[in-house]
Amino acid sequence: MVIQKTTIPMDNPFDQGKRAIQEPQGDGIDDAKEKQNRCQNKKYQVSFCESTDLSYMSSGTNTLGMMGGESYRLFGKTQMLKMDPKPVRFNMVHLPIKKGLSMEIIILGSGTCVPSLKRGSPGLILRIGESILLFDSGTGTIERMLKGGITYLDLDVVLYTHSHPDHVADLVPLIFACKYGENPRRRDLPIIGGRGFKSYFQAIQGVYGPWLQPDLFQIPIREVYDDILDYNLFRVLSKPMNHIPESVGYRVESHDGKSMALSGDTDYSPNLVELARDADVLVIESALPDEMKAEGHLTPSLAGRIGREANCKKMVLTHLYPVCDTIDIVKQCKREYEGELLIAEDLMEISI
Ligand SMILES: [Zn+2]
Ligand SMILES: [Zn+2]
């Protein structure tokens, strides 16, 4: 095994990893130099490796490997590598070297229940340090996770804001993939949801029977309301939202002070203002334009009001019905909120 010494700073390890797997590199060093020229962000370190020893690839997860006593995260599929008996040159994305814990959001679905080629149903990945959290799993979530370089094996915990179908539709396919995928999951898949989630889950398990009961791992379910869950390097706070009785919003805070809040579906809610207080990013629903306000949902200006009252640094409007793309919702939101504003798109990545 040879590990070249080349390391480069780069701003998007996901793209890098995927491309490396699909197109084995010719000369790692030249490639590194080329990328070094265009990468400004020094958050990640990349090593170019050549290896005949692929045994670590079958360690049960396709994202972590050990080489020379160091831990690497490999983005993308490994099956292509396993099929090739010859030495394969590929890129490894090193653990973040930025001081403190990295926090990256991937919007998986920026839409609603309305079938749309532009906006998928709700789903969001939060990568915090080495942990990967999935929030909601509407239709198409698993596929879009793959586009973001994440598989069912990578998830550390799945959190649901509520069990409306546009937020949970891919839960059954997710568990089915964990059980019957070509590389079955072997570690527990904890799920967090609002009050009533346990009985919802038991009901769907009842419908599918053994097909939804894994043998190799457990699915511990925890119901939350107004709670704080501590995970060593970060914590997750939940509060009830103003949508349906079980709805909760979340806030994730790293131990070094970074934070993201997520509303799920909600109408105006003082609890959301509290969850989003001084947050680096608030991902907030803004279902319909001001002139089409629906009960249980926000509008751009109401979302803006929450962002202003919470004093959050950046807002991302999501859960957008198609009509939102025909009206200037930025202008509506900015009537209330003067901070940085983004309109969510599927597969949009946001670094904190
Ligand atoms: Zn919804
Ligand atoms: Zn809903």
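Participant: Can you lay out the overall build of the protein for me, pointing to particular residues and giving the numbers?
Facilitator: Each helix and strand counted, the protein has 10 helices and 19 strands in total. By residue count, 43% of the 352 residues in the protein fall in the buried class. Considering only intrachain contacts with a sequence separation of at least 6, the fraction spanning at least 24 residues in the protein is 66%.

Participant: I'd like a description of the nonpolar core, backed by residues and values.
Facilitator: Ranked by size, the top nonpolar core spans 70 residues in total, and within it Leu124, Met260, Ala276 and Leu282 carry the most contacts. With 5 residues, strand S6 (residues 103-109) is the single largest residue contributor to this core. Excluding residues within four positions of it along the chain, Met260 makes contact with Met103, Ile105, Leu126, Val252, Ala279, Asp280, Val281, Val283 and Ile352.

Participant: Report on the sheet that holds strand S8 (residues 131-137), specifying residues and quantitative values.
Facilitator: In space, the 7 strands of this open sheet follow the order S11-S10-S9-S8-S7-S6-S19, with mixed pairing throughout. Here the strands that pair on one side only, and so sit at the sheet edges, are strand S11 (221-223) and strand S19 (349-351). Across the sheet, the mean angle separating the axes of adjacent strands is 20° when strand polarity is ignored. Contacts from helix H7 (residues 197-208) reach strand S10 (191-193) and S11, with the element oriented near 145° to S11.

Participant: Outline the sheet that holds strand S16 (residues 281-285), supporting the account with residue identities and numerical values.
Facilitator: Taken together, the 7 strands give an open sheet; going across it, the order is S12-S13-S14-S15-S16-S17-S18, and neighbouring strands pair in mixed fashion. Two strands bound the open sheet, and with one partner strand each, they are strand S12 (227-231) and strand S18 (340-343). Each neighbouring strand pair of the sheet contributes to a mean axis angle of 15°, computed without reference to strand direction.

Participant: Describe the environment of Phe217, naming the residues involved and giving the relevant values.
Facilitator: Within the element layout of this structure, Phe217 appears in the loop between H7 and S11. Phe217 sits in the partly exposed class, given 15 other C-beta atoms within 10 Å. In sequence terms Phe217 and Arg187 are 30 residues apart; their C-alpha atoms lie 5.2 Å from each other. Ignoring any residue separated from it by four or fewer positions in sequence, one finds Phe217 in contact with Arg185, Arg186, Arg187, Asp188 and Leu189.

Participant: Which residues make up the environment of Ser121, and what values do they have?
Facilitator: In this structure, Ser121 sits in the loop between S6 and strand S7 (123-128). Looking at Ser121, the number of C-beta atoms within 10 Å reads 29, which means it is buried. C-alpha of Ser121 to C-alpha of Gly109: the two residues are 12 residues apart in sequence and 4.9 Å apart in space. Ignoring anything within four residues of it in the chain, the contact list for Ser121 reads Gly109, Gly111, Thr112, Cys113, Gly138, Thr139, Gly140, Asp166 and Ala169.

Participant: Got a sec to walk through H7? Specific residues and values, please.
Facilitator: For H7, with 12 residues, the first-to-last C-alpha span of 17 Å sits near the 16 Å given by 1.5 Å per residue. With its phi angle positive at about 60°, Gly209 sits one or two positions after the end of H7.

Participant: Please set out unusual backbone geometry residue by residue, giving values where relevant.
Facilitator: Phi is positive for Asp136, close to 60°, though the residue is something other than glycine. Position of Asp136 relative to the elements: it lies in strand S8. Residue classification places Asp136 among the buried residues on the basis of 29 C-beta atoms within 10 Å. Non-glycine residue Leu347 carries a positive phi angle of around 70°. Mapped onto the fold, Leu347 is located in the loop between S18 and S19.

Participant: If you had to explain the environment of Asp256 to someone new, which residues and values would you point to?
Facilitator: Within the element layout of this structure, Asp256 appears in the loop between strand S14 (248-254) and strand S15 (259-262). C-alpha of Asp256 to C-alpha of Leu233: the two residues are 23 residues apart in sequence and 8.3 Å apart in space. With sequence-adjacent residues up to four places away left out, Asp256 is seen in contact with Gly100 and Leu101.

Participant: Give me helix H9 (residues 300-310): which residues, what numbers.
Facilitator: Every α-helical turn comprises 3.6 residues, leaving residues that sit three or four positions apart pointing alike. Regarding H9, the residues found buried are Pro300, Leu302, Ala303, Gly304, Ile306, Gly307 and Ala310. Taken together, the buried residues of H9 touch helix H8 (270-275), S16, strand S17 (314-318) and helix H10 (329-334).

Participant: Lay out the pairing of S15 in plain terms, naming residues and giving numbers.
Facilitator: Burial along S15 is two-sided: the residues Ser259 and Ala261 and Met260 and Leu262 are all buried. Of the strand pairs in this sheet, S14 and S15 are connected by 4 bridges, and their pairing is antiparallel. Counted as the bridge partner of Tyr250 is Leu262 from S15. Here S15 runs beside S16; their pairing, made up of 3 bridges, is parallel. Within S16, the residue paired with Ala261 across the bridge is Leu282. In this view, the connection linking S15 to its parallel neighbour S16 by way of H8 has right-handed handedness.

Rules of the game
Residues numbered from 1 in each chain as written. Chains lettered and ligands numbered in written order. Predicted model: local features only at pLDDT ≥ 70, side-chain atom pairs only at ≥ 80, totals over all residues. Helix = DSSP H or I, 4+ residues; strand = E, 2+ residues; numbered from the N terminus. Buried ≥ 20, exposed ≤ 12 C-beta atoms within 10 Å, placed from the backbone. Contact = placed C-beta atoms within 7 Å. Core = buried A, V, L, I, M, F, W, Y, C linked by C-beta atoms within 7 Å. Pairing = 2+ DSSP bridges. Axes fitted to C-alpha atoms, helices over the stretch in contact; angles between N-to-C directions. Expected span 1.5 Å × (residues − 1). Right-handed = clockwise from strand over helix to strand, strands pointing away.

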